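The residues making up each chain are set out below.
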Amino acid sequence: MTTTTTTVPHVCRVCSGPLTPFLDLGRQPLSDAFRLPDDPAEEFFFHLRVGVCGDCAMVQLLEEVPRDRMFREDYPYRSSGSSVMRAHFTETARRLLATELRGDDAFAVELGCNDGVMLRTVSEAGVRHLGVEPSGGVAELARGKGVRVRTAFFEEDTARDIAATEGRADVVYAANTLCHIPYLDSVFRGLDAVLKPTGAFVFEDPYLGDIVERTSFDQIYDEHFYFFTARSVRALAHRHGFDLVDVERLPVHGGEVRYTLSRTGTRTPSPAVAALLAEEEGTALHDLKTLESFATRVDGVRADLHALLTRLRAEGASVVAYGATAKSATVTNYCGLTPALISRVHDTTPAKQGRLTPGARLPVHPASDFTAPYPDYALLFAWNHAEEIMAKETAFRAAGGKWITYVPEVRVL
Ligand code: DWN
Ligand code: SAH
Ligand code: ZN
């Protein structure tokens, strides 16, 4: 008997166009599944690869991880863990209150409200709101701040139910959440059901332009399914009867874009939209050549980081990491960073401490133990919070310690 293997072509999750793979980050675990050292359960792995659609230009993962594996009762990430992010979301809420939520009996819906970091300000202003958050633990933290939350995945059915029971929203907002949702057709049918005719859908996510420019390949992991651009978001909006009417670049999380969508013809696009589209055209952001050269640089970072850590350990230096980020799952597992190279990771999140990082199995210790005693080097996994972390850990440098980063390249600071 002979067997034949057929290669199934990859198709775009948005438009069914042809997907061309350009980056292979190998076998990867769930980025937020921090495990107890004696957990007997077999760890889940998937193949982390990225491709670009030849038709709508959407950059996306080739393999989808089932959502209930990622967003569970014990999902550990707490959005309020950074003072910079708390300030960012307070400011965001104030702006929404002063614009989209100005009218009488205004109503705001947030997808992925997490621990209520944004909606708490809306709630304190006495404005009607609802968070939609599938991860039960963080949803409960939000409720503790006076935020109304439905523990559910936002999709068409959830949205229809919200529209029926609470009425339609003036604004639907989502931060670092839309890029987590592969099933965007259902989301857009839901938006159509829950948004008022003149309402806005505002969302912000890591920007592909920044990822390529900074070689920040660790933005790529199970939870981040899409890597948006003005061009791909505009194409997505048009498919669903929306226009892209505004874009704003944000410095948080290593470079993001905030997109504003409204129903076709209801708002005049700001000049910023055409400007960002032109910039993407100018840098050939979606060209396979650009993306393949990004993949080559990613490989270079892997080699440099592994070589540096191997040398430091051979010289007898102590090396730890700082920030047990979801992003670092990609770095540790792609670059082969074992406990022999990095003895532990310090992090302020209680739900991560006392556990092992996914795949690579680096032990997570409290941030308060960082001083006991100071290591020679600390690899900054939470490089997106560099300013905040370095400001509170000035004694580390004063004691002779050195930070290591790998964005945009491997450097000892
Ligand atoms: O998109 C996502 C973003 C918003 O959050 C999610 N898919 C998952 C998560 O990604 P991440 O884990 O890469 O996010 P952060 O914000 O880079 O994580 C920072 C980590 O560092 C947290 O575990 C908290 C920790 N931390 C710390 O120990 N001391 C953070 C700060 C600011 C600190 O001072
Ligand atoms: N908005 C927060 C949280 C980002 S983490 C911030 O910017 O910090 C991503 C969040 O999206 C998680 O809390 C996860 O539970 C949630 N999420 C995932 N899929 C979702 C869906 N379909 N609808 C709503 N939230 C979702
Ligand atoms: Zn497509």
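Residues numbered from 1 in each chain as written. Chains lettered and ligands numbered in written order. Predicted model: local features only at pLDDT ≥ 70, side-chain atom pairs only at ≥ 80, totals over all residues. Heavy atoms only, no water.

### Section: the sheet that holds strand S3 (residues 59–61)
Stage number 1. With antiparallel pairing, the four strands of this open sheet are ordered in space as S1-S2-S3-S9. The sheet is open, and its two borders are formed by strand S1 (19–29) and strand S9 (226–227), each paired with just one other strand.
Stage number 2. In the sheet, strand S2 (residues 45–53) pairs with S3 via three bridges, with the strands oriented antiparallel. Paired with glycine 51 across the two strands is glutamine 60, which belongs to S3.
Stage number 3. Of the strands in this sheet, S1, S2 and S3 are in contact with helix H10 (residues 288–314), which crosses S1 at around 25°. (Pairing = 2+ DSSP bridges. Helix = DSSP H or I, 4+ residues; strand = E, 2+ residues; numbered from the N terminus. Contact = heavy atoms within 4.5 Å. Axes fitted to C-alpha atoms, helices over the stretch in contact; angles between N-to-C directions.)

### Quick word on the domain arrangement of the protein
A common measure of how large an interface is: the accessible area buried when the components associate.
Stage number 1. As assigned here, the protein comprises domain 1 (153–286) and domain 2 (289–412).
Stage number 2. At the junction of the two partners, domain 1 supplies 17 residues and domain 2 supplies 18 residues.
Stage number 3. For the pair domain 1 and domain 2, the summed buried surface comes to about 1,600 Å²; carbon and sulfur atoms form 69% of the total.
Stage number 4. By the criterion of area lost to domain 2, the three top residues of domain 1 are Thr215, Phe217 and Asp218, representing 43% of everything that side buries.
Stage number 5. At the boundary of domain 1 and domain 2, one finds zero salt bridges. (Domains from an automatic or database assignment. Buried area = accessible area lost by both parts, 1.4 Å probe. Salt bridge = Lys/Arg side-chain N within 4 Å of Asp/Glu carboxyl O.)

### Observations concerning the site of ligand 2
Stage number 1. Taken together, 19 residues form the shell around ligand 2, and within it Ser79, Gly112, Glu133, Ser135 and Asn176 come nearest.
Stage number 2. One of the side-chain N or O atoms of asparagine 176 is found 2.8 Å from an oxygen atom in ligand 2.
Stage number 3. Note that a nitrogen atom of ligand 2 is positioned 3.0 Å from one of the side-chain N or O atoms of tyrosine 183.
Stage number 4. Contact with the protein chains hides 98% of the accessible area of ligand 2, taken as 570 Å² for the molecule alone.
Stage number 5. Classifying every residue of the shell around ligand 2 gives eleven nonpolar, seven polar and one charged. (Near = heavy atom within 4 Å. Polar contact = N/O pair within 3.5 Å; in protein donor to acceptor, adjacent residues only side chain to side chain. Areas by Shrake-Rupley, 256 points an atom, 1.4 Å probe, with all protein chains shown as cover. Nonpolar A, V, L, I, M, F, W, Y, C, P; charged D, E, K, R; others polar.)

### Description of helix H6 (residues 184–194)
Stage number 1. Extensive coverage of H6 is indicated by the burial of eight of its eleven residues.
Stage number 2. Those residues of H6 that sit buried are Leu184, Ser186, Val187, Phe188, Gly190, Leu191, Ala193 and Val194. (Buried < 20%, exposed > 50% of the residue type's maximum accessible area, 1.4 Å probe, protein only.)

### So, the site of ligand 1
Stage number 1. Surveying the vicinity of ligand 1 reveals 27 residues, the closest of which are His180, Glu223, Lys327, Asp347 and Lys392.
Stage number 2. Residue tyrosine 221 places a side-chain N or O atom 2.9 Å away from a nitrogen atom belonging to ligand 1.
Stage number 3. Between ligand 1 and threonine 349 there is a distance of 3.3 Å, counted from an oxygen atom to a side-chain nitrogen or oxygen.
Stage number 4. Look at ligand 1: alone it shows 710 Å² of surface, and the protein chains cover 96% of it.
Stage number 5. In terms of residue class, the shell around ligand 1 is built from eight nonpolar, twelve polar and seven charged.

### Examining unusual backbone geometry
Stage number 1. The residue after alanine 372, namely proline 373, is reached through a cis peptide bond having omega -15°.
Stage number 2. Turning to its location among the elements, proline 373 is positioned in the loop between strand S14 (364–366) and strand S15 (377–380).
Stage number 3. In this model, valine 407 is joined to proline 408 through a cis peptide bond whose omega is 0°.
Stage number 4. Mapped onto the elements of the fold, proline 408 is located in the loop between strand S16 (402–405) and strand S17 (411–412).
Stage number 5. For histidine 253, which is not glycine, the phi dihedral falls at a positive 50°.
Stage number 6. The residue histidine 253 is located in the loop between strand S10 (242–250) and strand S11 (256–263) in this model.
Stage number 7. In this model, alanine 284 sits at a positive phi of 55°, which is unusual for a non-glycine residue.
Stage number 8. One can find alanine 284 in the loop between helix H9 (271–282) and H10.
Stage number 9. Classification of alanine 284 as partly exposed rests on a relative accessible area of 22%.

### Observations regarding the packing of aromatic side chains
Stage number 1. This structure, assessed with the given rule, holds 18 aromatic pairs.
Stage number 2. Plain terms: the ring middles of phenylalanine 71 and tyrosine 75 are 5.5 Å apart, the flat faces sit at 65° to each other, and that makes the pair edge-to-face. The pair formed by phenylalanine 71 and tyrosine 75 is uniform in burial state, with each residue classed as buried.
Stage number 3. One aromatic cluster in this structure is built from Phe188, Phe201, Phe203, Phe225, Tyr226, Phe228, Phe242 and Tyr259.
Stage number 4. Taking the ring centre of phenylalanine 45 as reference, the NZ or CZ of arginine 27 above it sits at 3.8 Å. (Phe/Tyr/Trp six-rings, centres within 6.5 Å; stacked < 30°, edge-to-face > 60°. Lys NZ or Arg CZ within 6 Å of the ring centre and 35° of its normal.)

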